[in-house]
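Listed below are the residues making up each chain.
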2 protein chains.
Amino acid sequence: MRFTVLGAGAMGSAFATPLRAGGHDVRLWGTWLDGEILETLRAGGPHPGTGVRLAEGCALYDAEDLAAALDGAEAVLVAISSAGLTDVLDRALPLLPPAAVLALATKGFVPTDDGPVLIPDAVRARAPEARLAVVGGPCKANEVAAGRPTVAVVGAREAEGLAEAMSTPVYRVEACADEPGVEVCAALKNVYAIALGIADGLPTEAGGQPWHDLRAALFTRAVRELSEATARAGGDPATPYGPAGVGDLEVTGLSGRNKVFGVRVGGGERPSVALDAMAAQGRLVEGVPAARLARGWVADDLDRFPLLAALGELLDGDRSPGADADARDRIVQAALRGR
Amino acid sequence: MRFTVLGAGAMGSAFATPLRAGGHDVRLWGTWLDGEILETLRAGGPHPGTGVRLAEGCALYDAEDLAAALDGAEAVLVAISSAGLTDVLDRALPLLPPAAVLALATKGFVPTDDGPVLIPDAVRARAPEARLAVVGGPCKANEVAAGRPTVAVVGAREAEGLAEAMSTPVYRVEACADEPGVEVCAALKNVYAIALGIADGLPTEAGGQPWHDLRAALFTRAVRELSEATARAGGDPATPYGPAGVGDLEVTGLSGRNKVFGVRVGGGERPSVALDAMAAQGRLVEGVPAARLARGWVADDLDRFPLLAALGELLDGDRSPGADADARDRIVQAALRGR
């Protein structure tokens, strides 16, 4: 198949590994921010985001060559940061071949005048005829790039073709008819991973053990809220129990910036201080803006999302230390909530 | 309520914390192997298994005082190791007050002439009139003993009374009508946690990252197999998505002997060598015998339990290094299995 990947960041370039292993034609298009990355890749160096060299046989396209990158594409994988998505779609949607599948690996919400909207819904509003799919599952870019085994999931009304095309013996992609479910899980997992990090960072007495029970209780609560959120989005509440939810939440909570940020906050650091410190190192914590947008998305039903509500409060900009302490307490209370 | 806890090991003594916090009457009975522990507790020292002192106000009973320990009990929490369970039940069942709830915290299978049987089923065969319940959820003994927040779950036809009685503001026990489901999860989580440890222990290139995607894929597969196993036991396949499955698997995979054993095996150590080395340190790996029993329990349906099957093979006594390598491969293949 002829794949075009939009975005030469870590995730976009990582897709090249399974796609090239599957014998597909891969064009990797870089945004206007990806100039240095493309230079490095053209020189044969490892991708700065994954530490892994790009799979052999990809064609690289600069930002101004979007039309050429999309010409005749059968599947377009969108791996742009959520912040840059709108700009890219503005240019790309008119150039999209009508029969092409538009598979979104970009996760999250976009703010609109009517409140936060899930990314596929925003795309659908602008391109109602597009054949949409969402790609989720436990897939760290550096591991996928290196060809390490994992599972992924394509959420779409007719997901089987794309799932099978993308699959390799070590990158197993399953088809899921529940597109909203896969997207909700992808959009929220970064937020909940912050909670897992918070549990990991909580102070312990000298020689004390990490708070593992609490972490597991938070994990359980997060999975339940993913199910509630999926139902809210019109999806199958069981979707989060598979790779899109359980799997991606597990991997996201093991490492990565959301977890690291959570550990700092759990240890007592003010969220805004931790955020700025990480930003100064060029490390964006996607779960933070996602928390605010997600909380806005369920604003009329916060009772069913006590963990999301508490995380949204904690991460809602500058607040007093007292308010932060209250929010931390509410995070623990959320963990202790039953069904 | 008048609680009697059978077994003064880590888990049995840990229950004393929430039960005393709830104002209940607590009698802690030690087995014939718990003599030294009882001595330590009577002297006011910390429990050797949890590192935490026993909650105030418990009455301690020696092994020979079982009748006195059970006299008038309203709820009996069984926290004996699965190896010692039969002996204790032989003596305890005739002494059990008829109206008492028999709540099993002991998890696993017992071998019988008809093959492995889940513990509550074995108990029910011997005491058909007993009011049974199963206690599960993410509860590390040292953390529960120390009063750290977590959730637990009582699986029983009428679980609400016991769940509410045992609950405290930091030990939230939810009721679940699906007793088989809670038991299956409890019985199998140690086995699957070994797989998580194996992923954690896999060799990496110099400076390489842990195999997080694989761990998450194994976690996902394990949860799916818990659901299949629960359905097989006549339970609700959704039970594993809550604290009994997801929660307990998460906490068990974070630390503890099953995970540690898994890490050693993932790193290349022969399972029997790792097992003996840990046994020499007094550290029993419950997931190993459980793996064999569990694999026997699903022996007629192994296709639906590829991860359990592969773990059972890997842990099935002395085998050749080649057979071990094959079993490791099958563990990875199981992780990549879709639905």
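Residues numbered from 1 in each chain as written. Chains lettered and ligands numbered in written order. Predicted model: local features only at pLDDT ≥ 70, side-chain atom pairs only at ≥ 80, totals over all residues. Heavy atoms only, no water.

Comments concerning the relation of the copies chain A and chain B
Rules: Overlaid copies result from least-squares superposition on C-alpha atoms, with residues included only where pLDDT is at least 70 in both. Note on contacts: a residue pair qualifies if any of its non-hydrogen atoms lie within 4.5 Å across the two residues.
Overlaying chain A with chain B gives an RMSD of 0.0 Å, the required rotation being 180° about an axis along which the chain moves by 0.0 Å. Such values leave the two copies arranged in the relation of a two-fold axis. No C-alpha of chain A approaches the rotation axis more nearly than that of Tyr241(A), which lies at 3.2 Å. When you check the interface residues of chain A against chain B, 100% turn up at the interface there too, and the contact is symmetric in its surfaces.

Focus on the pattern of salt bridges
Heads up, the condition is: For this document, the term salt bridge refers to a Lys or Arg side-chain nitrogen within 4 Å of an Asp or Glu carboxyl oxygen. Put simply, DSSP H or I for four residues or longer makes a helix, DSSP E for two residues or longer makes a strand, and each gets a number counted from the N terminus.
The full count for this structure, using the stated rule, is 43 salt bridges over all chains. Across the pair Lys189(A) and Asp248(A) runs a salt bridge, and its minimum N-O distance is 3.1 Å. Of this pair, Lys189(A) sits in helix H8 (residues 179-201) while Asp248(A) sits in helix H10 (residues 243-254); the two residues are 59 residues apart in sequence, bridging distant segments of the chain. The closest approach of N and O atoms between Arg232(B) and Asp301(B), which form a salt bridge, is 3.8 Å.

Focus on the domain arrangement of chain A
Residues and elements named next belong to chain A. Applicable threshold: Note that the domain bounds reflect an automated or database-derived domain assignment. By buried area we mean the combined loss of accessible area, with a 1.4 Å probe, across both parts when two parts are placed together.
Per the domain assignment, the segments making up chain A are domain 1 (2-177) and domain 2 (180-336). For domain 1 and domain 2, the distance between their C-alpha centroids amounts to 26 Å. Listed as interface residues are 21 residues of domain 1 and, on the opposing side, 20 residues of domain 2. Taken over both partners, the interface formed by domain 1 and domain 2 buries close to 1,600 Å², and the fraction arising from carbon and sulfur atoms is 76%.

Details of helix H11 (residues 257-266) of chain A
Residues and elements named next belong to chain A. Quick reminder of the rule: Buried means the residue's accessible area, taken with a 1.4 Å probe over protein chains only, is under 20% of the maximum for its type, while exposed means over 50%, and partly exposed covers the values in between. Working definition: the arc comes from the directions between the helix axis and the C-beta atoms, pointing outward to the latter.
Among all positions of H11, only Asn258, Lys259, Phe261, Gly262, Val265 and Gly266 are buried. Looking down the long axis of H11, one finds its buried residues gathered within 160° of arc, a one-sided arrangement. Where H11 ends, the next residue or the one after it, Gly268, has phi of about 115°, a positive value.

Describing the sheet that holds strand E2 (residues 25-29) of chain B
Residues and elements named next belong to chain B. For clarity, the cut-off: Each pair of strands is called paired provided DSSP finds at least two bridges between the two strands. Fitted lines through C-alpha atoms give the axes, limited to the stretch in contact for helices. The angle between two N-to-C directions lies from 0 to 180 degrees.
With respect to topology, eight strands assemble into an open sheet ordered E3-E2-E1-E4-E5-E8-E9-E10, the strand pairing being mixed. Among the strands making up the open sheet, the edge pair consists of strand E3 (59-61) and strand E10 (171-176). Sheet twist, expressed as the average angle between the axes of neighbouring strands with direction ignored, equals 25°. In this sheet, E10 lies alongside strand E9 (residues 150-155) in parallel orientation, the contact comprising six bridges. Bridged to Val153 within E10 is Glu174. Contacting E2 and E3, helix H2 (residues 35-42) crosses the sheet at an angle of about 155° to E3.

Thoughts on the sheet that holds strand E3 (residues 59-61) of chain A
Residues and elements named next belong to chain A. Spatial strand order, E3-E2-E1-E4-E5-E8-E9-E10: eight strands in an open sheet with mixed pairing. With one partner strand each, in any of the chains shown, E3 and strand E10 (171-176) form the two edges of the open sheet. Each strand of the sheet is rotated relative to its neighbour by a mean of 25°, with strand direction disregarded. Pairing between strand E2 (residues 25-29) and E3: three bridges, direction parallel.

Here's the deal with the packing of H8(A) against helix H9 (residues 212-232) of chain A
Residues and elements named next belong to chain A. Rule in force here: To sort the angles, those under 35 degrees are grouped as roughly parallel, those over 145 as roughly antiparallel, those from 65 to 115 as roughly perpendicular, and the leftovers as oblique. Each crossing is labelled by how the near helix is turned from the far one, with a counterclockwise turn of less than a right angle marking it left-handed and a clockwise turn marking it right-handed. Three categories are distinguished: nonpolar for Ala, Val, Leu, Ile, Met, Phe, Trp, Tyr, Cys and Pro, charged for Asp, Glu, Lys and Arg, and polar for the others, with Gly belonging to the last.
At their nearest, the axes of H8 and H9 sit 9 Å apart, and the two run at 160° to each other. As summarised for this structure, H8 and H9 are arranged roughly antiparallel, according to the angle between their axes. Here the hand of the crossing between H8 and H9 comes out right-handed. Residues Gly181, Val184, Cys185, Leu188, Tyr192, Ala195, Leu196, Ala199 and Asp200 of H8 form the contact with H9, whose participating residues are Leu214, Arg215, Leu218, Phe219, Ala222, Glu225, Leu226, Ala229 and Thr230. Taken together, the residues that form the contact of H8 with H9 break down as 13 nonpolar, two polar and three charged.

Description of the pairing of strand E4 (residues 75-78) of chain A
All names here are of chain A. What you see with E4 is no split at all: Ala75 and Leu77 on one side and Val76 and Val78 on the other are buried throughout. Alignment of strand E1 (residues 2-6) against E4, held across four bridges, turns out to be parallel. Residue pairing across strands places Val5 opposite Leu77, the latter belonging to E4. Looking at chain direction, E4 and strand E5 (residues 101-104) are connected through four bridges and run parallel. Along E5, the bridge assignment pairs Leu77 with Ala103.

Quick word on the interface of chain A and chain B
Note the cut-off: Two N or O atoms count as a polar contact when they lie within 3.5 Å, although within protein this holds only if one can serve as hydrogen donor and the other as acceptor, and sequence-adjacent residues are included solely when both atoms are side-chain atoms.
At the junction of the two partners, chain A supplies 45 residues and chain B supplies 45 residues. Counting the surface lost from both chain A and chain B, the interface buries some 3,700 Å², and carbon and sulfur atoms represent 57% of this. For chain A, the biggest contributors to the area lost against chain B are Arg148(A), Asp213(A) and Leu336(A); these three give 19% of the whole. Applying the counting criterion to the chain A and chain B interface returns eight salt bridges. Salt-bridge contacts for Arg148(B) lead to Glu205(A); the nearest nitrogen and oxygen are separated by 3.9 Å. The tally of links between chain A and chain B comes to 20 residue pairs in polar contact (both at pLDDT 80 or more). Secondary structure elements with two or more residues in the side of chain A that touches chain B: helix H6 (141-145), strand E9 (150-155), E10, H9, H10 and helix H15 (321-335) of chain A. Here the side of chain A that touches chain B takes 10 residues from H9(A), the largest share from any one element. Of the residues belonging to the side of chain A that touches chain B, the class tally is 24 nonpolar, 10 polar and 11 charged.

Examining the packing of helix H8 (residues 179-201) of chain B against helix H13 (residues 287-297) of chain B
Residues and elements named next belong to chain B. Between H8 and H13, whose axes approach to 9 Å, the crossing angle comes to 120°. When you trace H8 past H13, the crossing you get is left-handed. Contacts from Val184, Ala187, Leu188, Asn190, Val191 and Ile194 of H8 reach H13 at Gly287, Val288, Ala290, Ala291, Ala294 and Trp297. Its residues placed into classes, the contact of H8 with H13 shows 10 nonpolar, two polar and no charged.

Some points on the side chain of Ser227(A)
All names here are of chain A. Among the structural elements, Ser227 can be located in helix H9. Note on Ser227: relative accessible area 8%, which makes it buried. Separated by 3.3 Å, the side chains of Ser227 and Tyr241 make a polar contact. In this structure, Ser227 is in contact with Pro237, Pro240 and Tyr241, ignoring residues within four places of it in sequence.

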